[in-house]
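Architecture at a glance
Residue-level listing of the chains:
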4 protein chains.
Amino acid sequence: MKDSAVLLIDCPDQKGLVARVSTLLYEHGANILHSDLHTDHQLGLFFMRLEWDLATDSNQTAAAFNLPAFDAAFRALASELHMNWQLRTSRARPRVALFCSQYLHCVSDLLERRRTGELLCDIPLLISNHRAVEPMAAFYGIPFVYTPTATANPTHESARQTDRATVEELQLDLLRQHNIDLVVLARYMQILTPAFVAAYPSAIINVHHSFLPAFIGARPYHAAHARGVKLIGATSHYVTEVLDDGPIIEQDVARISHRDQVDDLIARGRDLERVVLSRAVRWHLDHRILRYDNKTVVFD
Amino acid sequence: MKDSAVLLIDCPDQKGLVARVSTLLYEHGANILHSDLHTDHQLGLFFMRLEWDLATDSNQTAAAFNLPAFDAAFRALASELHMNWQLRTSRARPRVALFCSQYLHCVSDLLERRRTGELLCDIPLLISNHRAVEPMAAFYGIPFVYTPTATANPTHESARQTDRATVEELQLDLLRQHNIDLVVLARYMQILTPAFVAAYPSAIINVHHSFLPAFIGARPYHAAHARGVKLIGATSHYVTEVLDDGPIIEQDVARISHRDQVDDLIARGRDLERVVLSRAVRWHLDHRILRYDNKTVVFD
Amino acid sequence: MKDSAVLLIDCPDQKGLVARVSTLLYEHGANILHSDLHTDHQLGLFFMRLEWDLATDSNQTAAAFNLPAFDAAFRALASELHMNWQLRTSRARPRVALFCSQYLHCVSDLLERRRTGELLCDIPLLISNHRAVEPMAAFYGIPFVYTPTATANPTHESARQTDRATVEELQLDLLRQHNIDLVVLARYMQILTPAFVAAYPSAIINVHHSFLPAFIGARPYHAAHARGVKLIGATSHYVTEVLDDGPIIEQDVARISHRDQVDDLIARGRDLERVVLSRAVRWHLDHRILRYDNKTVVFD
Amino acid sequence: MKDSAVLLIDCPDQKGLVARVSTLLYEHGANILHSDLHTDHQLGLFFMRLEWDLATDSNQTAAAFNLPAFDAAFRALASELHMNWQLRTSRARPRVALFCSQYLHCVSDLLERRRTGELLCDIPLLISNHRAVEPMAAFYGIPFVYTPTATANPTHESARQTDRATVEELQLDLLRQHNIDLVVLARYMQILTPAFVAAYPSAIINVHHSFLPAFIGARPYHAAHARGVKLIGATSHYVTEVLDDGPIIEQDVARISHRDQVDDLIARGRDLERVVLSRAVRWHLDHRILRYDNKTVVFD
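Values in this document were obtained by computation on a predicted structure and should not be read as measured data.

1. Quick notes on the relation of the copies chain A and chain B
With an RMSD of 0.0 Å, the operation that places chain A on chain B is a rotation of 180 degrees combined with a shift of 0.0 Å along the axis. Here the two chains are linked by the operation of a two-fold rotation axis. In terms of proximity to the rotation axis, the leading residue of chain A is A:A214, whose C-alpha is 2.3 Å off the axis. Here 100% of the contact residues of chain A are again contact residues in chain B; the copies associate through an equivalent surface.

This is the structure:
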């Protein structure tokens, strides 16, 4: 079982950043496992990910890493160098809420990957506007909450908005009650309001079933078929206020041909959606993603 | 050396098409090498590609295939069944004109593939609005014509249009003089007028350096970098009046990361451009492409 | 719901095959949906797949296709032309038995694909030498049979062989009782005896976790890591007497780097295994695969 | 024009390596452009690549980086920490010799990539046992030396060995005269002797036209076709004494089908060979590759 700490840093680029951070870790006796950095020379920004061992390993007689002491020392350095930073340990399992609608292939895939230990997180909440997922939630032992869209056919736009606001209020309450760190939209077919998105900045991951920025919006497989593309794609991204415009985390494509009808695209696409969403979730849980300038740095 | 005939058919779908065409070929003694068909059930359209041997092969005492006799018989059938069709032989080498500007990686690639026998065609004409390609044309023995954009900085839009019209007139004259069957825009950075495009319907192939329909227009690698995509692409397509909107023939992608700057994307993209353009040209030369509904059927 | 018939043919190549078969279908009024053929000119062999509609479609007043009449007529033709052939309808759902051991990602994936309608088959039997899969079998409603390897540590090779023979006898009994058409080894970690393989020719599909023929045998991810490859792969194939040597149905690869340890390869590989195995099963169920010369023709 | 220094380090893993190296660079005022590291925890080895600016950049009034001063200081540190290391600058262009036989697609590709500035090196020597490449060498301005295998059909194995030894002696003389840093075997169809290989350790790059370790040795496309694989591959690697067994640098694959004959595999494979060889050469020239345990670390 891994017992490690991860430090994620972004700040204005300046000389000596690596030297000062690595020297501080060295002074605290850290056994560095992984180190990755990236500099955006155009914007003058610096990004770093460091992971080190927290336990005494078998070859060493030294005591475990003193995280509180390092934390205190690092805060002073971070303040001096104007760093944004996060310090996480593998001991603290992120708490994830899954949202889905009637298509369950992504939810099923995420739950199965968690079962096999590929995704290290707790999933105390599964929310859907359909009941279809209920037996699956029961099988995997995930508490399920049904949040239907109350007015199926509201006569007025205002009624629809009221309805959505009510549902989102309930959902946000649930997220808070369960101390959710990350919301995963596993083919959840409702568009979130800006207020909802603002409550979980850089903490809502969605999968869109196209190679963004191609085919934004509804029914991308139909649009791809109409355009006659030779590859279809899927994209996982952080959700922002603008639909399908958030920072892209991962994308993948599959080859199709003139033989493939819309239904074939949908079937082929399911494999892509599973893969790009699960990778995004895993990287987020492993604290491998930094976000800036509506893009992502993924330290894989 | 292959000595074969190819029949390309598209027509309204109806029962017995395969039976009647294949029976006619059988009656004329054809030794079928390849047969491919596609039906668009939604639009009720039928597409077929048949390739058969024209020579007497070593195992047979029979005479060579009587193409004129088959041609005459097939015309009657095609008329009855309302077929669009083309009958081509590998003896008639297509005549190709290459257009390029200052970036030569695609031209170089096509000329090299022709040298190795991968592209079976004559290339009697290479046109460019830059002189950079001249030594390469000389090395490969391809007649080169320099068609500069005369007025570099015209003060009026009307002057620019006049200029373009004059250049295109010259180019069209050259194409006619050389009996060109196919125009390949190998990173030619000028936009063709509708009149030019209309002169070579389904016979102008372009490569666009993005995964269409994403990043239409100028500087797609810059746009891809700005959007933060995780894959870049390239697309070969037939040119139509609408920019970057013609029927897609081939697409491919390559993985990039946050480390890649615009220059890296451009370098990676060159490999994609070469591959998707050369495949499109090869398939066109082998009579493997049918075009309909702003899409392509590629019988590979 | 699709209601179609599929005819798979292989025979010595000869002139007129397409004409005679398609004419027969035409005479019986078939509405052909798909037609694919392949000729191995070196070996002089011909392969064909035809799929046609069995129902009266909405545009037609004609009655449904008379399959028994066609069947009788075709038998005569097939005999005359020395054809091997299979005639299947989508009405007859293939009956599949799944075998697995302790790793469940492939079984889970297949069951989930069946649930979503991607795999059209009945699965009346799930066999494992571990009990781990039992709750999953229950959730998906698949009858489960536990066939443990009785003697865990037999002192003699002969004891191990006796044990395996007993287990396989039980398994073969179960397969016969359930009228199984296809056996899928979804990461089943026992090697089948030649006698077992002989009982289901071209009807046992296995997934091997390497890019065959590289890394045959046990622990291929360890071997791949030791060799320092830059891509890992997975292969689905029909099982023959020789280990990992049967006709390959599908392969796929994923990029790895020096950062990836054996555990990372195993995790990445699970995605590949799922994809190549599920494609092989789907193609087999759709009667798209012909086997010859220890290879496969896959009409996709 | 890039003006930078690259430091490549490998040594036993120990605490404080990053801190001490980065602090030394900081003290000398280095502006770090890229930093990458890798630890093989199993073998207890540490690998690092650092690249920093040598010029005064536009925002700085400071003088250029004092490389000799850093060099001297680093030598002391490296000795203390038992490091293997290389310090290179982009000012010193590596000198490359190309070897080829009758197939020219890889040579053509490398020369074209050098022309476009993708490969930063001097190529003062092109050696071949065929004259086919001579006009291409002339076009690109590369001095060409023809080193035929003198005795085409020697009656004795000993004669063949004498012949090879003579040819290799001549070739090694040429390499020394031209101060060659890297030998690239661009589809050179002769097997080098251990003596030749020993003269250029980790400095001979070869491309093998299969996905190693599958299909080692001669005619891999024929072997791939015979086995019925669904993907073909190509591999670039450092040459060692054992044929096709050296550390793999890069691999790639392409999908094929039952339709593809050996000739199609050869044509498809040419694209793969070009890509994997050119990437390996570029990474080597950019000092991105470290070799250990018959593997490579590629810091891309």
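2. Let's talk about the domain arrangement of chain A
Residue and element names in this part refer to chain A. Under the domain assignment used here, chain A contains domain 1 (4–89) and domain 2 (95–298). On a C-alpha basis, the centres of domain 1 and domain 2 stand 32 Å from each other. Taken together, the contact pairs 13 residues of domain 1 with eight residues of domain 2. On inspection of domain 1 and its partner domain 2, the count reaches zero salt bridges.

3. Focus: the side chain of D:R274
Structurally, D:R274 is set in helix α8 (residues 262–285). You can call D:R274 buried: its relative accessible area is 8%.

4. Considerations on the confidence of the model for chain A
Of the residues in chain A, 94% have a pLDDT of 70 or more, and the chain-wide mean is 93. As scored by the predictor, the complex reaches a pTM of 0.95 and an ipTM of 0.93.

5. Observations concerning the sheet that holds strand β11 (residues 248–255) of chain B
All names here are of chain B. In space, the seven strands of this open sheet follow the order β7-β6-β5-β8-β9-β10-β11, with mixed pairing throughout. Edge positions in the sheet fall to β7 (144–146) and β11, since each has one partner strand and no second. Across the sheet, the mean angle from the axis of one strand to that of its neighbour is 15 degrees, orientation sign disregarded. On the sheet, helix α8 (residues 262–285) packs against β5 (95–100), β8 (182–185), β9 (204–208), β10 (231–238) and β11 and is oriented at approximately 155 degrees with respect to β11.

6. What about the packing of helix α7 (residues 220–227) of chain D against α8(D)?
A packed helix pair is summarised by two numbers, namely the angle formed by the two axes and the spacing between the axes. All names here are of chain D. Relative orientation of the contacting elements α7 and α8 amounts to 125 degrees, with a least axis distance of 10 Å. By the angle between their directions, the pair α7 and α8 is classed as oblique. Judged by the twist between their axes, the crossing of α7 over α8 is right-handed. On the side of α7, the interface is formed by Y221, H222, A224 and H225, while α8 contributes V262, L265, I266, G269, R270 and E273. Residues of the contact of α7 with α8, tallied by class, amount to five nonpolar, three polar and two charged.

7. Structural notes on the interface of chain A and chain B
Taken together, the 36 residues of chain A in the interface contact 36 residues of chain B. Across the interface of chain A and chain B, roughly 3000 Å² is buried in total on both sides, 50% from carbon and sulfur atoms. Taken as a group, A:R227, A:K230 and A:H258 account for 24% of the area that chain A buries against chain B, more than any other trio of residues on that side. Our enumeration of links across chain A and chain B arrives at eight salt bridges. Along the contact surface separating chain A from chain B lie 22 residue pairs in polar contact (both at pLDDT 80 or more). Those elements that place two or more of their residues in the side of chain A that touches chain B are β2 (32–40), α7 (220–227), β11 (248–255) and β13 (295–298) of chain A. Counting residues per element, the side of chain A that touches chain B draws most heavily on β11(A), which supplies seven residues.

Thresholds applied
- Residues numbered from 1 in each chain as written.
- Chains lettered and ligands numbered in written order.
- Predicted model: local features only at pLDDT ≥ 70, side-chain atom pairs only at ≥ 80, totals over all residues.
- Heavy atoms only, no water.
- Least-squares fit on C-alpha atoms with pLDDT ≥ 70 in both.
- Contact = heavy atoms within 4.5 Å.
- Domains from an automatic or database assignment.
- Salt bridge = Lys/Arg side-chain N within 4 Å of Asp/Glu carboxyl O.
- Helix = DSSP H or I, 4+ residues; strand = E, 2+ residues; numbered from the N terminus.
- Buried < 20%, exposed > 50% of the residue type's maximum accessible area, 1.4 Å probe, protein only.
- pLDDT = per-residue confidence, 0-100.
- Pairing = 2+ DSSP bridges.
- Axes fitted to C-alpha atoms, helices over the stretch in contact; angles between N-to-C directions.
- Parallel < 35°, antiparallel > 145°, perpendicular 65-115°, else oblique.
- Left-handed = near helix turned anticlockwise from the far one by under 90°.
- Nonpolar A, V, L, I, M, F, W, Y, C, P; charged D, E, K, R; others polar.
- Buried area = accessible area lost by both parts, 1.4 Å probe.
- Polar contact = N/O pair within 3.5 Å; in protein donor to acceptor, adjacent residues only side chain to side chain.

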